[in-house]
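# Structure assessment
Okay, here's what each chain looks like letter by letter:
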Amino acid sequence: MTYNTCLDRIKKNKKHLNDVAIDEFTFNKLDAIDNALDNLIKEEKHTLIKNCINKLPEDSSALLTLFYYEELSLDEISKIINIEANTVKVKLFRARKKLAVILEQYLQPQNNMSYGTR
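Heads up: these notes are all about the structure in this document. (Residues numbered from 1 in each chain as written. Predicted model: local features only at pLDDT ≥ 70, side-chain atom pairs only at ≥ 80, totals over all residues. Heavy atoms only, no water.)

### Some words on the nonpolar core
If you look at the biggest cluster of nonpolar residues, it comprises 15 residues, and the most contacted ones within it are Cys52, Leu64, Ile77 and Leu99. Counting residues per element, the ones that place at least two in this core are helix 2 (22–54), helix 3 (58–69) and helix 5 (85–107). (Core = buried A, V, L, I, M, F, W, Y, C linked by side-chain atoms within 4.5 Å. Buried < 20%, exposed > 50% of the residue type's maximum accessible area, 1.4 Å probe, protein only. Helix = DSSP H or I, 4+ residues; strand = E, 2+ residues; numbered from the N terminus.)

### Topic: unusual backbone geometry
Phi at Glu71 is positive, roughly 55°, even though this residue is not glycine. When you line up the elements, Glu71 lands in the loop between helix 3 and helix 4 (74–81). Unlike most non-glycine residues, Asn82 shows phi in positive territory, near 65°. Relative to the assigned elements, Asn82 resides in the loop between helix 4 and helix 5.

### A closer look at the packing of aromatic side chains
To describe a pair of aromatic rings, you give the distance between the ring centres and the angle between the ring planes. One pass over the full model with this rule turns up 1 aromatic pair. A centroid spacing of 4.9 Å and a plane angle of 90° characterise the contact between Phe67 and Tyr68, whose relative ring orientation is edge-to-face. Positioned above the aromatic ring of Tyr69, the side-chain terminus of Lys50 is 4.4 Å from the ring centre. (Phe/Tyr/Trp six-rings, centres within 6.5 Å; stacked < 30°, edge-to-face > 60°. Lys NZ or Arg CZ within 6 Å of the ring centre and 35° of its normal.)

### Examining a positive patch on the surface
A cluster of basic residues, Lys91, Arg94, Lys97 and Lys98, forms a positive patch on the protein surface. In this structure, Lys91 sits in helix 5. Its relative accessible area of 34% is what places Lys91 among the partly exposed residues. (Patch = residues over 30% accessible without salt bridge, like charges linked within 9 Å, V, L, I, M, F, W, Y side chains within 5 Å. Areas by Shrake-Rupley, 256 points an atom, 1.4 Å probe, with all protein chains shown as cover. Salt bridge = Lys/Arg side-chain N within 4 Å of Asp/Glu carboxyl O. Lys, Arg positive; Asp, Glu negative; His and termini not counted. Charge placed at Lys NZ, Arg CZ, Asp CG, Glu CD.)

Spelled out as structure tokens, the structure:
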């Protein structure tokens, strides 16, 4: 009888062997998952923007890289490329517009599918 009682107890406890308290799992693991996803999204955005910058003409690409990635001021860039700071500002504006067009083209869904023939 003791043997059967022990077997019953083991079977009963076996059902709950892998149970984890929801609070214990949820708060710790979800924070880690959220952080990992945020980092992944940030890396994907960085890669996408860098690839689109590389598709720009060389002068626009260089300006955006110096300003955003090297974090140089307009004055510093003007000294490097030997043009006025105001001209650098205008060229940066134009480069951003070109980049926006490339990003928009990349992010728009492809409408190349044909839904039927006429």
